[in-house]
Amino acid sequence: MDRLIIRGGVPLRGQVEVGGAKNAALPAMVASLLTGESIRLHRVPQLGDVKTTIGLLNHLGVSVERGDRESLSLRADGIGPCEAPYHLVKTMRASVLVLGPLVARFGRARVSLPGGCAIGSRPINLHLAALEKMGATVSLDAGYVEAKASRLRGARITFDGQTVTGTENVMMAATLADGVTVLENAACEPEVVDLAALLNGMGARIEGAGTPTISIEGVSHLHGAEHEVIPDRIETGTFMVAAAITGGDVTVTHCLPGHLEAITEKLRETGVLVEETDCSIRILGDGQLRGVNVRTHPYPGFATDMQAQFMALLSIAQGSSVITETVFENRFMHVNELLRMGADIKVIGTAAFVHGVPMLSGAPVMATDLRASASLVLAGLTAQGTTTVSRVYHLDRGYESIERKLQSLGADIERVAE
Ligand code: EPZ
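What counts, and at which threshold
- Residues numbered from 1 in each chain as written.
- Predicted model: local features only at pLDDT ≥ 70, side-chain atom pairs only at ≥ 80, totals over all residues.
- Heavy atoms only, no water.
- Pairing = 2+ DSSP bridges.
- Helix = DSSP H or I, 4+ residues; strand = E, 2+ residues; numbered from the N terminus.
- Axes fitted to C-alpha atoms, helices over the stretch in contact; angles between N-to-C directions.
- Core = buried A, V, L, I, M, F, W, Y, C linked by side-chain atoms within 4.5 Å.
- Buried < 20%, exposed > 50% of the residue type's maximum accessible area, 1.4 Å probe, protein only.
- Near = heavy atom within 4 Å.
- Polar contact = N/O pair within 3.5 Å; in protein donor to acceptor, adjacent residues only side chain to side chain.
- Areas by Shrake-Rupley, 256 points an atom, 1.4 Å probe, with all protein chains shown as cover.
- Nonpolar A, V, L, I, M, F, W, Y, C, P; charged D, E, K, R; others polar.
- Left-handed = near helix turned anticlockwise from the far one by under 90°.
- Contact = heavy atoms within 4.5 Å.

For the sheet that holds strand S12 (residues 205–207), give the residues involved together with the corresponding values.
Pairing is mixed across the open sheet formed by 4 strands, whose spatial order is S10-S11-S13-S12. Lying at the two open borders of the sheet, with one neighbouring strand each, are strand S10 (156–158) and S12. Adjacent strand axes in the sheet meet at a mean angle of 15° when their direction is disregarded. Bridge count for S12 against strand S13 (residues 213–217) is 3 bridges, and the pairing is antiparallel. Looking across to S13, one finds that Ile206 is bridged to Ile216.

Can you break down the pairing of strand S7 (residues 108–112) residue by residue, with the values?
Note that strand S6 (residues 83–84) and S7 share 2 bridges and pair parallel. Pairing of Ala84 across the sheet is with Val111, part of S7. Note: S7 against strand S9 (residues 144–148), 5 bridges, orientation antiparallel. Following the sheet pairing, Val111 is matched in S9 by Val145.

Any chance you could break down the nonpolar core for me, citing the residues and the numbers?
Membership of the largest hydrophobic core comes to 78 residues, with the highest contact counts inside it found for Val98, Met134, Leu152, Met171, Leu183, Leu199 and Met202. Counting residues per element, this core draws most heavily on helix H1 (residues 22–30), which supplies 6 residues. Judged by nonpolar contacts, the second largest core, of 67 residues, contains Leu267, Ile281, Ala317 and Leu338.

Can you lay out the site of the ligand for me, pointing to particular residues and giving the numbers?
Around the ligand sit 21 residues, and of these Arg93, Thr163, Thr165, Asp305 and Val327 come closest. Within the contact set of the ligand, an oxygen atom lies 3.4 Å away from a backbone nitrogen or oxygen of Pro123. In the model, an oxygen atom of the ligand is placed 2.6 Å from a nitrogen or oxygen of the Thr165 side chain. Coverage of the ligand by the protein chains reaches 86% of its 830 Å² of free accessible surface. Mapped onto the shell around the ligand, the elements with two or more residues apiece are H1, helix H5 (125–133), helix H6 (164–174) and helix H12 (370–382). Taken together, the residues that form the shell around the ligand break down as 8 nonpolar, 7 polar and 6 charged.

How would you sum up the packing of H1 against helix H7 (residues 190–201)? Please name residues and give values.
Between H1 and H7, the shortest axis-to-axis distance is 9 Å and the interhelical angle comes to 35°. H7 is crossed by H1, and the crossing has right-handed handedness. Where H1 abuts H7, its residues Asn23, Ala24, Pro27 and Ala28 lie against Glu191, Asp194, Leu195 and Leu198.

How would you summarise H1 if you had to cite specific residues and measurements?
With 8 of 9 residues buried, H1 is to be regarded as a mostly interior element. Burial in H1 covers these residues: Lys22, Ala24, Ala25, Leu26, Pro27, Ala28, Met29 and Val30.

A description of the sheet that holds strand S5 (residues 72–75) should follow, citing residues and the corresponding values.
Read across the open sheet, the 4 strands follow the order S4-S5-S3-S14; overall the sheet is mixed. Of all the strands in the sheet, just strand S4 (63–66) and strand S14 (225–228) have a single pairing partner and so form its edges. In this sheet, adjacent strand axes meet at a mean angle of 15° when their direction is disregarded. Note: S4 against S5, 4 bridges, orientation antiparallel. Residue pairing in the sheet places Arg66 in a bridge with Leu72 of S5.

Go over the side chain of Thr270 with me, naming the residues and quoting the values.
Locating Thr270 in the fold gives a position in the loop between helix H9 (261–269) and strand S16 (273–276). With relative accessibility at 1%, the residue Thr270 sits in the buried group. Other than its neighbours up to four places away in sequence, Thr270 contacts Gln288, Leu289, Arg290, Val292, Phe310 and Leu314.

Residues and numbers for unusual backbone geometry, please.
Omega for the peptide link from Tyr299 to Pro300 comes to 10°, which places this bond in the cis form. Here Pro300 is to be found in the loop between strand S18 (294–295) and helix H10 (307–314). Positive phi, close to 65°, is recorded for Arg43, a residue that is not glycine. Assignment of secondary structure puts Arg43 in the loop between strand S3 (39–42) and helix H2 (48–59). Under the relative-accessibility criterion, Arg43 is labelled buried at 12%. Phi angles above zero are rare outside glycine, and Asn185 is one such case at about 60°. Overall, Asn185 belongs to the partly exposed group, its relative accessible area being 27%.

With reference to specific residues and values, describe the environment of Leu56.
Structurally, Leu56 is set in helix H2. The buried category is assigned to Leu56, whose relative accessible area is 1%. When the C-alpha atoms of Leu56 and Thr35 are compared, they prove to be 17 Å apart, with 21 residues separating the residues in sequence. Setting aside chain neighbours within four positions, we find Leu56 in contact with Ala84, Pro85, Leu88, Ser95 and Val98.

Pasting the structure below:
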């Protein structure tokens, strides 16, 4: 397992380009199951989760070819066993996204229950209840979900809670259902909007993506399409925090500032200067950071995927901050590691009480999940001394060559293969 070795204290300076969004690329790749024609995707980042999804789609009979560095061609012209096995699903919960497309196009699917992960139990009950309302017969057997339907039918579905992949799963299934499906309390994330754009490019009839009410008029079949994935708003936010936490001056390019307004506003509240154009964000972090309160919320609120990174920043801000995690039940795994670097944080229930300290100290720390590992890298960039982050495979799931991008900004960071 690789480690990252970081010698902190260098203010980051320069420009960095973000890649395509992991959480838009994954559903877009899975959408290839909905047609026998070729889907060509651009700006697909080279990430662990993308490789896992390619493996899962190959297992299902989808041919996948990498074109240039960031393009994929996918074609589900001959389908395999319609089964997503445990050994693949357990490493990536988003594998559950194949459920809806397989039932919609082939009438059956057998998908391993994803099981929990470091940040929570990650149930899929909302996905399954929606498919049942559309006429699927859903049963659980030996840790697998089996779903069957001769043809899904349109239905009015109100999600009990907002679920991003639940919305995406059902939206994909509904494109081939008989009749109109209306989703209420749907997730509004930009990745949902991006998937809807791809599906409509394939001939689907989807309206309202990005709002809590999405309507999908089923069609008999979908055709091939070409699509560029939106920029990764979480990678963008992570580099913004990297600039702020090191007191640097960094411009993040090829991004969409409109996708992370809540993050930007919160950064401004800490005293960081932020300058935006329509495709870039400049962060000037040379002032004194002030503590602020953060409460995660589904989009367009403060993204839960930025909570860990922001905690690293607030751990060296002047004064106190309260960070409340409302989306996942166990997304404070980074706290113990930050404490080992000298942070002053107390967790009570879903809230973390952070008291800023003048300086963190470098230490050997261990990544536990994707965004927690990003938080530890950010802490290492500002800490006095050397920080070694182990188990960076967690980081590689969602960040492409993060050490190379940080090196280009002047960071003293290197990857050591073990
Ligand atoms: C998506 O996960 C993202 N993953 C996550 O990003 C992100 O943190 C999350 O949305 C919230 O924004 C992808 O898009 C691949 P949810 P998802 O369903 O869809 C509960 C990252 O770091 N819930 O919106 O799995 C669930 O337990 C990853 O890139 C149910 O109870 O999240 C959670 O508490 C991590 N039943 C809440 O809803 C269900 O059937 C939100 O989960 C589904 C969800």
